Amino acid sequence: MTNAEKYDTLFMTNFKLTKDQLPGLKYRAIPLWDSMGHMTLMEEVEDTFDISIDTPDVLSFSSYEKGMEILRKYGVSI
Amino acid sequence: MCPFSYTPACLTDPLTQSNCYIIAHDKQALLIDPNNAPLIRSYLEAQHLLLEYVLLTHEHCDHMAGLNELRQAYKVQVIASKACSDGIQSTTLNMSRIMESYLYFKSKGSLRVSYPKFTCLAADITFDNSYLFTWYGHLFRCLPAAGHTPGSTCIIMDSALLFSGDYFIPGEEVITRLPGGSDELYEQVGKKALRALPAPIRTYPGHGESFLLTQEVKQTYGLY
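Let us look at the structure shown here.

Conventions adopted
Residues numbered from 1 in each chain as written. Chains lettered and ligands numbered in written order. Predicted model: local features only at pLDDT ≥ 70, side-chain atom pairs only at ≥ 80, totals over all residues. Heavy atoms only, no water. Helix = DSSP H or I, 4+ residues; strand = E, 2+ residues; numbered from the N terminus. Buried < 20%, exposed > 50% of the residue type's maximum accessible area, 1.4 Å probe, protein only. Contact = heavy atoms within 4.5 Å. Axes fitted to C-alpha atoms, helices over the stretch in contact; angles between N-to-C directions. Parallel < 35°, antiparallel > 145°, perpendicular 65-115°, else oblique. Left-handed = near helix turned anticlockwise from the far one by under 90°. Buried area = accessible area lost by both parts, 1.4 Å probe. Salt bridge = Lys/Arg side-chain N within 4 Å of Asp/Glu carboxyl O. Polar contact = N/O pair within 3.5 Å; in protein donor to acceptor, adjacent residues only side chain to side chain. Pairing = 2+ DSSP bridges.

## Examining the environment of Leu111 of chain B
Residues and elements named next belong to chain B.
And then number 1: Tracing the backbone shows Leu111 in the loop between helix H4 (99-106) and strand E6 (125-127).
And then number 2: A residue is classified by how much of its surface remains accessible, and Leu111, at 26% relative accessible area, is partly exposed.
And then number 3: Between the C-alpha atoms of Leu111 and Glu100, which are 11 residues apart in sequence, the distance is 8.9 Å.
And then number 4: The residues touching Leu111, leaving out its near neighbours within four places in the chain, are Leu15, Leu103 and Tyr104.

Right, here's the structure in full:
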């Protein structure tokens, strides 16, 4: 599985979405991506990519696309 | 036995608003949820109390952030469900790993603090099913109620006081979406345990003020 596929799977599993619903998805745009959903997503992103995301980046992880940008900052090819 | 009017001391952590309850007998003390060690130590010292036992309602860090320091300062025995004991040893399950961000979101962006992640050693006494414990004539019944977390436990003292942890927090629904939480466990285990609690009973929640838990209040939580 590629990093992009792993990343998509995290969103699809956590937020019960299909792949075509991911582009453009923003924090709080759906009920499951609220503050608690965000916490779970962040932990799973860290575990999946074996990184530790700094708090400012947790807070600015505001969309599906922004998340990929942040992961690249941590050396994840996506 | 403790009279129904007995009121435990309540210490509220200013950061997380979690409650620690202290019960004294002469110069000995037992506490439930060691939320903030400096706060607790100040109280114990002012009251000339020696801490003997710590009981945990669940494994989240806001309810046991003071445990490590208290264990260093006092020769205490820690009592918790096995799942809670496992949870306090994990930065994920004890939530300290995400607490900094959690506090930020919960405060709607007004609270930005450093909250280093941490773990604790296992509890000294653990249980899988209900656990009975006496302390200077007081009877404590620890009743596992998984759902909010795997290790969530309700503690009843002298059949008169209920320490409910993060269940029955005034004005809040039961949360099962934080680390370790499970809707399925809450439906299958937690609700069953909460339904069986005696009512009315004076209740001391993990956050907020004490109140009288009645059957009517239980019903507002879907516990029929």
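Once you've had a look at it, read on.
## Brief notes about the packing of helix H2 (residues 35-49) of chain A against H4 of chain B
The relative placement of two packed helices is expressed as an angle between their axes plus a distance between the axes.
And then number 1: Put simply, H2 of chain A and H4 of chain B touch, their axes get as near as 10 Å, and they point 160° apart. Relative to H4 of chain B, the element H2 of chain A lies roughly antiparallel. Of the two possible hands of crossing, H2 of chain A and H4 of chain B adopt the one that is right-handed. Only Ser101, Tyr102 and Phe105 of chain B of H4 of chain B make contact with H2 of chain A, whose side of the interface consists of Ser35, His38 and Met39 of chain A.

## Some thoughts on the interface of chain A and chain B
And then number 1: With 16 residues of chain A at the contact, the number on the chain B side is 13 residues.
And then number 2: Across the chain A to chain B interface the summed buried area is about 1400 Å²; carbon plus sulfur atoms make up 59%.
And then number 3: Interface area lost by chain A to chain B is led by Met36, Met39 and Glu43 of chain A, which between them contribute 44%.
And then number 4: Counting the contacts that link chain A with chain B gives 3 salt bridges.
And then number 5: On the surface where chain A and chain B come into contact, there are 6 residue pairs in polar contact (both at pLDDT 80 or more).
And then number 6: When contributions to the side of chain A that touches chain B are tallied by element, the ones reaching two or more residues are H2 and helix H3 (55-60) of chain A.
And then number 7: For the side of chain A that touches chain B, the leading source of residues is H2 of chain A, giving 9 residues.

## What to know about the sheet that holds strand E2 (residues 19-25) of chain B
Residue and element names in this part refer to chain B.
And then number 1: Pairing is mixed across the open sheet formed by 6 strands, whose spatial order is E1-E2-E3-E4-E5-E6. Pairing within the sheet leaves two strands with one partner each, and these edge strands are strand E1 (9-12) and E6. Within the sheet, the average angular offset between the axes of one strand and its neighbour, ignoring direction, is 20°.
And then number 2: Taken together, the 3 bridges between strand E4 (residues 50-55) and strand E5 (residues 77-81) define a ladder with parallel strand orientation. If you follow Leu55 over to E5, its bridge partner there is Ile79.
And then number 3: Across the sheet, helix H1 (residues 37-46) is in contact with E1, E2, strand E3 (28-32) and E4; its angle to E1 comes to roughly 150°.

## Overview of the pattern of salt bridges
And then number 1: Enumeration over the complete set of coordinates arrives at 11 salt bridges over all chains.
And then number 2: Taking the shortest distance from any N to any O, the salt bridge between Glu46 of chain A and Arg97 of chain B comes out at 3.0 Å. Pair noted here: Glu46 of chain A is in helix H2 and Arg97 of chain B is in the loop between helix H3 (82-87) and H4, and the two residues belong to different chains.
And then number 3: For Glu69 of chain B, the salt bridge is made with Arg41 of chain B, and the minimal N-O distance between the two is 3.2 Å.

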